Amino acid sequence: MRDVLRIVRFDFLTAKPLGLPIVLVVWFLCTLFAMFFSPMIEAYGIFAAMGLVIPLQRVADKSGLHKLYGVLPVKRKNITRGRFCYIFLVHIISELTTLGLALGTFHLKLYRFLPNQEGRMVQMIARGYSDDTTYIVAVIGFALIFCLIFTYMEMMGQIFGRENEMKIILITLAVVSVILLGFFILSDHGIIPMLKLPVFPTDRPAQIRLVLILHIVLLGLSVLFGEITAHILAKREL
């Protein structure tokens, strides 16, 4: 575990010079607009996590850091595990930060200081501050989806090569589309039951339980993707 955490720190230091300023700017702009117009804008702060993930491989390749990874006193499997752990932690930290900022802007309600409080625009903004459930769902949903996408693409990119990422995306979209189309056709003909999306609970204890379950599932998938990648790459080095 210590080796994995070392790789996480190394990955962060690699992406930090280029990615951290992007993250801070995104959070600042989202918070600024969310304070006066809608906490929903804060949910887009999750995109800040990309600033610490996307530049990582590009910086490593451009600077030849992949050679440094090879001579680190760390097992090759732990290097791979560290990368997936890093992606997961970046999204979780981004989620918690964005969620905190969104709830902060929700409770501050700075739209009260806007002029023409009786105007239609301000009244519409005020209605957006009536319930914080929408913002919680948006922030958590964005974080889970993007973390799943990035861990999946990291697995596929390391296994099949990053130069084939566009092919991987197209093939993945095609497979998912075919599966969804087949599912809807079978459901429409009554062969399989219709899938009903779960409704986000209204009470806080149930919300917390659901969020914990979703994060545990995401952690499990991240570990699974990491182990699959580590196993395949380790076999190639034999």
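That block above? That's the structure.
Please read these numbers as outputs of a predicted model, since none were measured by experiment. (Residues numbered from 1 in each chain as written. Predicted model: local features only at pLDDT ≥ 70, side-chain atom pairs only at ≥ 80, totals over all residues. Heavy atoms only, no water.)

Asks: What is the right way to look at the overall build of the protein in this model?
Replies: Counting its secondary structure elements, the protein contains eight helices and zero strands. Mapped in sequence order, the helices and strands of the protein form the string α-α-α-α-α-α-α-α. Sorting the 238 residues of the protein into buried and exposed places 39% on the buried side. Considering only contacts within the protein whose residues lie at least 6 apart along the sequence, 78% involve residues at least 24 apart. Taken as a whole, the protein presents about 14,500 Å² of accessible surface, with 73% of it coming from carbon and sulfur. (Helix = DSSP H or I, 4+ residues; strand = E, 2+ residues; numbered from the N terminus. Buried < 20%, exposed > 50% of the residue type's maximum accessible area, 1.4 Å probe, protein only. Contact = heavy atoms within 4.5 Å. Areas by Shrake-Rupley, 256 points an atom, 1.4 Å probe, with all protein chains shown as cover.)

Asks: What is the right way to look at the nonpolar core in this model?
Replies: What tends to happen in soluble globular proteins is that the nonpolar side chains get buried as a cluster. The biggest cluster of nonpolar side chains holds 31 residues, and the ones touching the most others in it are Leu-52, Tyr-86, Val-90 and Val-139. Listing elements by their share of this core, those giving two or more residues are helix H1 (2–36), helix H4 (76–108), helix H6 (133–160) and helix H8 (204–237). Per element, the largest residue contribution to this core is nine residues, and it comes from H6. One finds Phe-84, Met-153, Ile-159 and Ile-168 within the second-largest nonpolar core, a separate group that totals seven residues. (Core = buried A, V, L, I, M, F, W, Y, C linked by side-chain atoms within 4.5 Å.)

Asks: I tried to follow the environment of Met-124 on my own but got confused; where do I start?
Replies: Looking at the element boundaries, Met-124 is found in helix H5 (residues 120–127). With 87 residues separating them in the primary sequence, Met-124 and Phe-37 have C-alpha atoms 9.4 Å apart.

Asks: Hey, could you run me through the pattern of salt bridges in this one?
Replies: Proximity of charged atoms lets side chains of opposite charge pair with each other. Evaluated as defined, the whole model comprises four salt bridges. A salt bridge links Asp-3 to Arg-6; the shortest N-O distance between them is 3.6 Å. Taken together, the residues span about one helical turn, with Asp-3 and Arg-6 both in helix H1 at a distance of three residues. A relative accessible area of 22% means that Asp-3 is categorised as partly exposed. The shortest N-O distance in the salt bridge between Glu-227 and Arg-81 comes to 2.7 Å. Residue Glu-227 is found in helix H8, and its partner Arg-81 is found in helix H4; the two are separated by 146 residues along the sequence. (Salt bridge = Lys/Arg side-chain N within 4 Å of Asp/Glu carboxyl O.)

Asks: Before we go on, may I ask you to explain the packing of H6 against helix H7 (residues 165–188) in this structure?
Replies: Two packed helices can be described by the angle between their axes and the distance between those axes. At a closest axis distance of 10 Å, the pairing of H6 and H7 adopts a crossing angle of 125°. In terms of orientation, H6 and H7 fall into the oblique class. Note that H6 runs across H7; the crossing there is right-handed. Touching Tyr-152, Met-153, Met-156, Gly-157 and Phe-160 of H6 are Glu-165, Ile-168, Ile-169 and Thr-172, all from H7. Taken together, the residues of the contact of H6 with H7 break down into six nonpolar, two polar and one charged. (Axes fitted to C-alpha atoms, helices over the stretch in contact; angles between N-to-C directions. Parallel < 35°, antiparallel > 145°, perpendicular 65-115°, else oblique. Left-handed = near helix turned anticlockwise from the far one by under 90°. Nonpolar A, V, L, I, M, F, W, Y, C, P; charged D, E, K, R; others polar.)

Asks: Please clarify how the packing of aromatic side chains should be interpreted in this entry.
Replies: Geometry of an aromatic ring pair is reported as the spacing of the ring centres plus the angle between the planes. Following the criterion strictly, the structure yields eight aromatic pairs and no others. Measuring from centroid to centroid gives 6.0 Å for Tyr-44 and Phe-142, while their planes differ by 40°, and the two rings are tilted. Of this pair, Tyr-44 sits in the loop between H1 and helix H2 (54–63) while Phe-142 sits in helix H6; the two residues are 98 residues apart in sequence, bridging distant segments of the chain. Given the relative accessible area of 42%, Tyr-44 is considered partly exposed. Judged by relative accessible area, Phe-142 falls into the partly exposed class, the value being 26%. A ring pair is formed by Phe-142 and Phe-146, whose centres lie 6.2 Å apart and whose planes are at 55°; its orientation type is tilted. With Phe-142 and Phe-146 both in helix H6 and four residues apart, the pair spans about one turn of that helix. Residue classification places Phe-146 among the buried positions, given a relative accessible area of 16%. One aromatic cluster in this structure is built from Tyr-44, Phe-47, Phe-142 and Phe-146. (Phe/Tyr/Trp six-rings, centres within 6.5 Å; stacked < 30°, edge-to-face > 60°.)

Asks: Looking at this model, I keep getting lost on a nonpolar patch on the surface. Mind explaining?
Replies: Taken together, the side chains of Val-25, Phe-28, Leu-29, Leu-32, Phe-33 and Phe-37 define a hydrophobic patch exposed on the protein surface, amounting to about 560 Å² of accessible area. Here Leu-32 shows up in helix H1. (Patch = residues over 30% accessible without salt bridge, like charges linked within 9 Å, V, L, I, M, F, W, Y side chains within 5 Å.)

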